[in-house]
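# Commentary on secondary and tertiary structure
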Amino acid sequence: VQLQASGGGLVQAGGSRRLSCAASGLTFSLYALAWFRQAPGKEREYVGAITRSGNNTYYVESVKGRSTISRDNAKNTVYLQMNSLKSEDTAVYYCAARVTATTAKLPAPDEYNYWGQGTLVTVSS
């Protein structure tokens, strides 16, 4: 299983960025997908996730209303659209995957077992 995150870069505060994560080596539609981030000097933080069906999503409070996770099962890709970016959103963003038995439930954050390499988003103020 390989997860390849991309789309990071430098963006001004208030701007938007869309991250992508392309997966290979798995039956994509059987996996819930999540995004995590790790800011400099901080622990990794769960950002949100999407069910294998794409019908349900979850976001942590710090990004809720500013971010959207979506997936394209035909392209084996999950996306994280981030708007109204703040300096505190600066981090390396990781995608993660976990096979799930149901279409409607999300794994707990510590249950994801496949990880991408991360892509850096830097928000300048």
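This section reports on the structure supplied with the text. (Residues numbered from 1 in each chain as written. Predicted model: local features only at pLDDT ≥ 70, side-chain atom pairs only at ≥ 80, totals over all residues. Heavy atoms only, no water.)

Looking only at helices and strands, the protein chain has zero helices and 11 strands in total. Relative to a compact globule of 125 residues, whose C-alpha radius of gyration would be 14 Å, the protein chain shows 13 Å and is just as compact. Accessible area of the protein chain: about 6,300 Å², with a carbon and sulfur share of 45%. Averaging the coordinates of the 13 positive side-chain charges in the protein chain and doing the same for the 8 negative ones gives two points 6 Å apart. (Helix = DSSP H or I, 4+ residues; strand = E, 2+ residues; numbered from the N terminus. Rg over C-alpha atoms; globule rule 2.2 N^0.38 Å. Areas by Shrake-Rupley, 256 points an atom, 1.4 Å probe, with all protein chains shown as cover. Lys, Arg positive; Asp, Glu negative; His and termini not counted. Charge placed at Lys NZ, Arg CZ, Asp CG, Glu CD.)

Quick look at the state of the cysteines now. What the rule picks out here adds up to one disulfide. In this model, Cys21 is linked to Cys95 through a disulfide, with the two sulfur atoms separated by 2.0 Å. Disulfide Cys21 to Cys95: torsion about the S-S bond roughly 60°, handedness right-handed. Placement of Cys21 in strand β3 (residues 17–24) and of Cys95 in strand β9 (residues 91–99) is noted, with a sequence separation of 74 residues between them. (Disulfide = S-S within 2.5 Å.)

The tally for this structure, following the rule as stated, stands at four salt bridges. A salt bridge links Lys64 to Glu61, with the nearest nitrogen and oxygen atoms 3.4 Å apart. Overall, Lys64 belongs to the partly exposed group, its relative accessible area being 46%. For Arg66, the salt bridge is made with Asp89, and the minimal N-O distance between the two is 2.8 Å. A residue pair is termed long-range when its members are at least 10 positions apart, and Arg66 in the loop between β6 (57–59) and β7 (67–72) and Asp89 in the loop between β8 (77–82) and β9 qualify at 23 residues. Neither residue differs from the other here; Arg66 and Asp89 are each classed as buried. When salt bridges with common partners are traced through the structure, they connect Arg37, Glu45, Arg66 and Asp89 into a single cluster. (Salt bridge = Lys/Arg side-chain N within 4 Å of Asp/Glu carboxyl O. Buried < 20%, exposed > 50% of the residue type's maximum accessible area, 1.4 Å probe, protein only.)

Further remarks concern the pairing of strand β4 (residues 31–38). The element β4 is extensively covered by neighbouring structure, given that seven of its eight residues are classed as buried. Pairing of β4 with β9 involves eight bridges; the strand directions are antiparallel. Considered in β9, the bridge of Trp35 is made with Cys95. Summarising the sheet, β4 and strand β5 (residues 45–50) pair through five bridges and their orientation is antiparallel. Note that in β5 the partner of Leu33 across the bridge is Ile50. Remark: six residues form the turn of the hairpin made by β4 and β5, two consecutive strands paired antiparallel; Gly41 in that turn has positive phi of roughly 75°. (Pairing = 2+ DSSP bridges.)

The next subject is the nonpolar core. If you look at the biggest cluster of nonpolar residues, it comprises 35 residues, and the most contacted ones within it are Trp35, Val78, Leu80, Tyr93 and Tyr112. When neighbours within four sequence positions are excluded, Tyr93 is seen to be in contact with Ala5, Leu19, Trp35, Phe36, Arg37, Val47, Leu80, Met82, Gly118, Thr119 and Val121. (Core = buried A, V, L, I, M, F, W, Y, C linked by side-chain atoms within 4.5 Å. Contact = heavy atoms within 4.5 Å.)

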